[in-house]
Amino acid sequence: MSTKKICILGGSGFVGRYIAEALVERGLDVRVLTRRRERIKHLLVLPTVEIVETNVHDEFALIRLFQGFDAVINLVGVLHDGKGKQGFEASHVDLVRKVINACQNAGVKRLLHMSALNAVPDGPSQYLRSKGKGESMVRGAKGKLNVTIFRPSVIFGPEDNFLNRFAAMVKTFPILPLAAGKTRFQPVFVEDVARVFVDSLDRRETYGKTYDVCGPRVYTLHELIQFTAAVMHKSRTIIDLPPFLSMLEATILEFMPGKPLTRDNLRSMQVDSVSKQDFEAQFGFKPTSLAAVAPTYLANKTPRGRYHYFRYRAGR
């Protein structure tokens with residue numbers, strides 16, 4: 001690979017740790033920028049990873065820290081709107097502008113950007129609108145930077161906040177009132193997402209392109225809850241709520257710790273998170289099915305249950 005040194009923003013998150021691991025496996029030098037070093041201690045054991053604690057919203061700091069690097073990967077994203085730097089506009093729009101400017105000023109030519117399916121400036125939710133604005137800015141940097149945009153559906157894996165949240169619900173409640181149960185998703189495995197990012201670094205044909213990143217099968221939200229319950233050997237009653245009650249449920253859950261569901265999340269689910277793009281034709285390998293991996297970490301929600309996943313990764 002001609003790309004040897006990569007700087008990651010958002011490397012402390014779920015997807016970031018897998019991308020960092022994949023880069024290290026290929027012998028590349030990785031710098032991970034984070035607000036809190038203690039959040040990513042798990043990356044300290046990787047031999048070619050440097051963790052730098054900094055304010056990623058400081059454009060001058062970004063310029064300094066991008067110096068000498070071949071590529072930048074921006075994975076920063078928030079699911080719930082917050083105050084200040086934790087809000088949609090700050091994370092998905094303002095930061096993207098700063099990253100683009102910092103790349104240009106630091107002499108970095110390659111930028112890989114994580115967006116989301118259905119991200120458009122006039123989308124139904126604040127999340128999708130802000131993601132769409134950021135995506136448009138990255139696309140507008142073509143010619144100045146070699147950019148590639150990835151738009152995943154929901155991402156699953158052992159540490160995900162998607163199926164694991166369903167598992168907690170299934171474990172706790174015998175009856176599950178479900179908002180937007182008919183919304184369709186195309187879940188993609190986190191290791192496949194990491195591979196797509198890393199494989200694309202030096203592929204010139206990906207420059208200026210936008211790719212949907214989705215798994216091989218489409219599920220409704222109702223089917224995903226059913227799948228999770230079946231894997232956990234739990235019998236649960238799932239009640240699909242009509243639009244009014246769905247919004248009422250989202251309004252209530254929005255004020256609970258962790259915000260299991262917000263009204264903005266529900267608006268995002270007004271559009272299906274699926275794609276007609278051919279994953280294998282674009283990336284050269286078959287995406288991993290949900291059924292092949294999810295049972296290895298959902299079937300037994302205990303520390304010992306992780307052994308099943310480790311065995312899966314080892315091919316045993």
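Residues numbered from 1 in each chain as written. Predicted model: local features only at pLDDT ≥ 70, side-chain atom pairs only at ≥ 80, totals over all residues. Heavy atoms only, no water.

### Some details on helix H4 (residues 126-140)
Reasoning step 1: In this model H4 runs 21 Å from its N-terminal to its C-terminal C-alpha over 15 residues, within 8% of the 21 Å that 1.5 Å per residue would give.
Reasoning step 2: Regarding H4, the residues found buried are Tyr127, Leu128, Ser130, Lys131, Gly132, Gly134, Glu135 and Val138.
Reasoning step 3: Taken together, the buried residues of H4 touch helix H3 (88-106), strand S5 (110-114), strand S6 (146-152), strand S11 (209-213) and helix H9 (263-268). (Helix = DSSP H or I, 4+ residues; strand = E, 2+ residues; numbered from the N terminus. Expected span 1.5 Å × (residues − 1). Buried < 20%, exposed > 50% of the residue type's maximum accessible area, 1.4 Å probe, protein only. Contact = heavy atoms within 4.5 Å.)

### Examining helix H7 (residues 221-231)
Every α-helical turn comprises 3.6 residues, leaving residues that sit three or four positions apart pointing alike.
Reasoning step 1: For H7, a buried count of eight out of 11 residues is recorded, marking the element as mostly surrounded by other parts of the structure.
Reasoning step 2: Along H7, the positions that sit buried rather than exposed are Leu221, His222, Leu224, Ile225, Phe227, Thr228, Ala229 and Val231.
Reasoning step 3: In the core, the buried residues of H7 are packed alongside helix H5 (163-172), strand S8 (175-178), strand S9 (184-185), strand S12 (219-220), strand S13 (237-240) and helix H11 (290-298).
Reasoning step 4: Backbone geometry just after H7 places His233 at a positive phi near 60°.

### Quick word on the pattern of salt bridges
Reasoning step 1: Going through the model one piece at a time under the given rule, you end up with 11 salt bridges.
Reasoning step 2: The closest approach of N and O atoms between Arg203 and Glu205, which form a salt bridge, is 2.9 Å.
Reasoning step 3: Residue class for Glu205 comes out partly exposed when judged on its relative accessible area of 46%.
Reasoning step 4: A single salt-bridge network, built from bridges that share partners, covers Glu135, Arg139, Arg151 and Asp212. (Salt bridge = Lys/Arg side-chain N within 4 Å of Asp/Glu carboxyl O.)

### A few points about the pairing of strand S2 (residues 29-34)
Reasoning step 1: Among the six residues that make up S2, five are buried, leaving the element largely enclosed by the rest of the structure.
Reasoning step 2: Alignment of strand S1 (residues 5-9) against S2, held across five bridges, turns out to be parallel. Bridge pairing in S2 places Leu9 opposite Leu33.
Reasoning step 3: The handedness of the S1 to S2 crossover, carried by helix H1 (residues 14-25), is right-handed. (Pairing = 2+ DSSP bridges. Right-handed = clockwise from strand over helix to strand, strands pointing away.)

### A few points about the nonpolar core
Reasoning step 1: If you look at the biggest cluster of nonpolar residues, it comprises 69 residues, and the most contacted ones within it are Ile8, Ile19, Leu23, Ile73, Leu163 and Phe197.
Reasoning step 2: Among the elements that take part in this core, H1 stands out by supplying seven residues, more than any other.
Reasoning step 3: If near-sequence neighbours (up to four positions away) are discounted, Leu23 is found in contact with Ile6, Ile8, Leu28, Val30, Ile73, Val198 and Leu201.
Reasoning step 4: Core analysis: the second largest hydrophobic core is formed by 26 residues, Leu9, Val52, Ile63 and Leu65 among them. (Core = buried A, V, L, I, M, F, W, Y, C linked by side-chain atoms within 4.5 Å.)

### Quick word on the side chain of Thr183
Reasoning step 1: Residue position: Thr183 is located in the loop between S8 and S9.
Reasoning step 2: Accessibility expressed as a relative area gives 6% for Thr183, which makes it buried.
Reasoning step 3: Within the structure, the side chain of Thr183 is placed 2.9 Å from the backbone oxygen of Met269, a separation counted as a polar contact.
Reasoning step 4: If sequence neighbours within four positions are ignored, Thr183 has contacts with Tyr219, Thr220, Leu221, Met269, Val271 and Asp272. (Polar contact = N/O pair within 3.5 Å; in protein donor to acceptor, adjacent residues only side chain to side chain.)

### Side note on the packing of aromatic side chains
Reasoning step 1: Under the defined criterion, the tally for this structure stands at 11 aromatic pairs.
Reasoning step 2: Centre to centre, the rings of Phe156 and Phe189 are 5.4 Å apart; their planes meet at 25°, and the pair counts as stacked. Placement of Phe156 in strand S7 (residues 155-156) and of Phe189 in strand S10 (residues 188-189) is noted, with a sequence separation of 33 residues between them. In terms of burial, Phe156 and Phe189 fall into one category: buried.
Reasoning step 3: Put simply, the rings of Phe150, Phe197, Tyr211, Phe279, Phe283 and Phe285 pair up and form one aromatic cluster.
Reasoning step 4: Taking the ring centre of Phe69 as reference, the NZ or CZ of Lys5 above it sits at 4.8 Å.
Reasoning step 5: One residue, Arg195, lies across the ring of Phe285, its end atom 3.8 Å from the ring centre. (Phe/Tyr/Trp six-rings, centres within 6.5 Å; stacked < 30°, edge-to-face > 60°. Lys NZ or Arg CZ within 6 Å of the ring centre and 35° of its normal.)

In short, the description is geometric, and any link to function would need to be established separately.
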